[in-house]
Amino acid sequence: AQRVTQPEKLLSVFKGAPVELKCNYSYSGSPELFWYVQYSRQRLQLLLRHISRESIKGFTADLNKGETSFHLKKPFAQEEDSAMYYCALRRGRRALTFGSGTRLQVQP
Amino acid sequence: GAGVSQSPSNKVTEKGKDVELRCDPISGHTALYWYRQSLGQGLEFLIYFQGNSAPDKSGLPSDRFSAERTGGSVSTLTIQRTQQEDSAVYLCASSLDLAGGLDTQYFGPGTRLTVL
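All residue numbers refer to position in the chain's written sequence, counted from 1. By the order in which they are written, chains take letters starting at A while ligands take numbers starting at 1. Restriction of local features to residues with pLDDT of at least 70 applies here, the model being predicted, together with a cutoff of 80 or more for giving and counting side-chain atom pairs; totals for whole chains, interfaces and linings are based on all residues. Values shown for side chains rest on all heavy atoms present in the structure; no hydrogens or waters enter the calculation.

Enquirer: So, the overall build of chain A: which residues are in play, and what are the values?
Expert: Under the scheme used here, helices are H or I runs from DSSP no shorter than 4 residues and strands are E runs no shorter than 2 residues, and both carry numbers assigned from the N terminus. In terms of helices and strands, chain A carries zero helices and 11 strands. Taken from N to C terminus, the helices and strands of chain A fall in the order β-β-β-β-β-β-β-β-β-β-β. This radius of gyration counts C-alpha atoms alone. The globule rule is 2.2 Å times how many residues there are, raised to the power 0.38. Relative to a compact globule of 108 residues, whose C-alpha radius of gyration would be 13 Å, chain A shows 13 Å and is just as compact. Projecting the C-alpha coordinates of chain A onto the three principal axes gives extents of approximately 40 × 30 × 25 Å. A 1.4 Å probe rolled over the protein chains alone gives each residue an accessible area, and that area as a share of the maximum for its type sets the label: buried under 20%, exposed over 50%, partly exposed in between. Scored against the burial criterion, the 108 residues of chain A give a buried share of 44%. The long-range fraction of contacts in chain A, counting pairs at least 24 apart against all pairs at least 6 apart in sequence, stands at 57%. Split by element, the accessible area of chain A, about 5,600 Å² in all, is 47% carbon and sulfur. Working rule for contacts: check all heavy atoms of both residues, and any pair within 4.5 Å makes them a contact. Using a 1.4 Å probe, the Shrake-Rupley method yields the accessible areas, and only the shown protein chains count as cover for residues.

Enquirer: Kindly report on the side chain of Thr-102 of chain A, identifying the contributing residues and their values.
Expert: All names here are of chain A. Turning to its location among the elements, Thr-102 is positioned in strand β11 (residues 102-107). On the accessibility criterion, Thr-102 (0% relative accessible area) is buried. For Thr-102, the side chain forms a polar contact with the main-chain oxygen of Glu-8, separated by 2.6 Å. For Thr-102, the residues in contact, after removing those within four places along its chain, are Gln-6, Glu-8, Lys-9, Leu-10, Leu-11, Leu-21, Ala-83, Met-84 and Tyr-85. Contacts described as polar in this section are N or O atom pairs within 3.5 Å, which, within protein, must combine one atom able to donate a hydrogen with one able to accept it, while residues neighboring in sequence count only if both atoms come from side chains.

Enquirer: Outline the pairing of strand β7 (residues 75-79) of chain B, supporting the account with residue identities and numerical values.
Expert: The side chains of a regular strand alternate between both faces of the sheet. All names here are of chain B. Extensive coverage of β7 is indicated by the burial of five of its five residues. Of the two faces of β7, the one holding Ser-75, Leu-77 and Ile-79 and the one holding Thr-76 and Thr-78 are both buried throughout. One requirement defines pairing of two strands: DSSP has to find at least two bridges between them. With antiparallel pairing between neighbouring strands as the criterion, strand β6 (residues 65-69) and β7 make up a hairpin whose turn holds five residues, including Gly-71 at a positive phi of roughly 60 degrees.

Enquirer: Provide a residue-level description of the interface of chain A and chain B, including the pertinent values.
Expert: With 17 residues of chain A at the contact, the number on the chain B side is 22 residues. Between chain A and chain B lies a buried interface of about 1,800 Å² when both sides are counted; carbon and sulfur atoms form 50% of it. Once two parts are brought into contact, the accessible area they lose, counted with a 1.4 Å probe and summed over both, makes up the buried area. Per-residue buried area on chain A facing chain B is highest for Arg-43, Arg-90 and Arg-93 of chain A; these three make up 30% of the total on that side. The salt bridge criterion pairs a side-chain nitrogen of Lys or Arg with a carboxyl oxygen of Asp or Glu, the two atoms within 4 Å. Linking chain A with chain B are two salt bridges, by the criterion used here. Residue Arg-90 of chain A is joined to Asp-103 of chain B by a salt bridge in which the shortest nitrogen-to-oxygen separation is 3.6 Å.

Enquirer: So, the sheet that holds strand β3 (residues 19-21) of chain A: which residues are in play, and what are the values?
Expert: All names here are of chain A. The strand order across the open sheet built from three strands is β3-β8-β7, with neighbouring strands paired in antiparallel fashion. The sheet terminates laterally at β3 and β7 (60-61), the two strands that pair on one side only. Alignment of β3 against strand β8 (residues 72-74), held across three bridges, turns out to be antiparallel. Residue pairing across strands places Val-19 opposite Lys-74, the latter belonging to β8.

So, in structure tokens, the structure goes:
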């Protein structure tokens with residue numbers, strides 16, 4: 001069975017500092033990996049997907065199959081980045097398997 | 001356009017009562033998902049509907065939980081004989097069910113269920 005692990009429940013950084021939210025997965029096939037974000041009092045929404053290899057709001061995430069990781073990174077954190085971040089895996093046409101989430105707090 | 005909507009936004013019920021939670025997906029989305037968000041449990045998959053296929057019920061925690069999707073659109077999640085551990089935010093999502101990592105699930109605002 002697939003599993004997604006986010007080891008940090010809370011990550012607190014100062015504005016302008018680099019951010020790395022860790023995500024590791026276990027799945028024997030070719031995974032589809034995503035980062036979803038939930039800002040305060042807003043809906044859960046897609047931030048980025050591994051297949052697009054894009055930068056969204058300054059965030060990037062690279063799939064490392066050797067380390068089975070999909071860490072989310074941003075070089076300079078902003079206060080508006082404060083939110084709950086979920087790493088998720090999809091196996092074929094199925095529902096998402098989410099990690100337990102990491103709360104990012106960016107302090108001024 | 002309108003996003004995924006859910007009703008009610010909040011539901012308080014007594015232990016042992018039945019509850020129904022409703023989800024209106026985005027028009028044209030063939031896939032509909034129910035998840036549960038509990039404190040300390042993260043986001044937990046419950047059930048997945050795709051077109052006319054049999055639903056994937058593998059995430060339902062007990063036979064007190066059931067869901068249906070009528071006419072390929074609106075879905076209702078029913079919890080019978082509610083227990084205190086059922087207290088959570090129930091999230092609905094819909095998507096076009098694209099393959100190859102291209103799919104995007106759009107989430108509703110959730111229904112916060114409190115069982116007293």
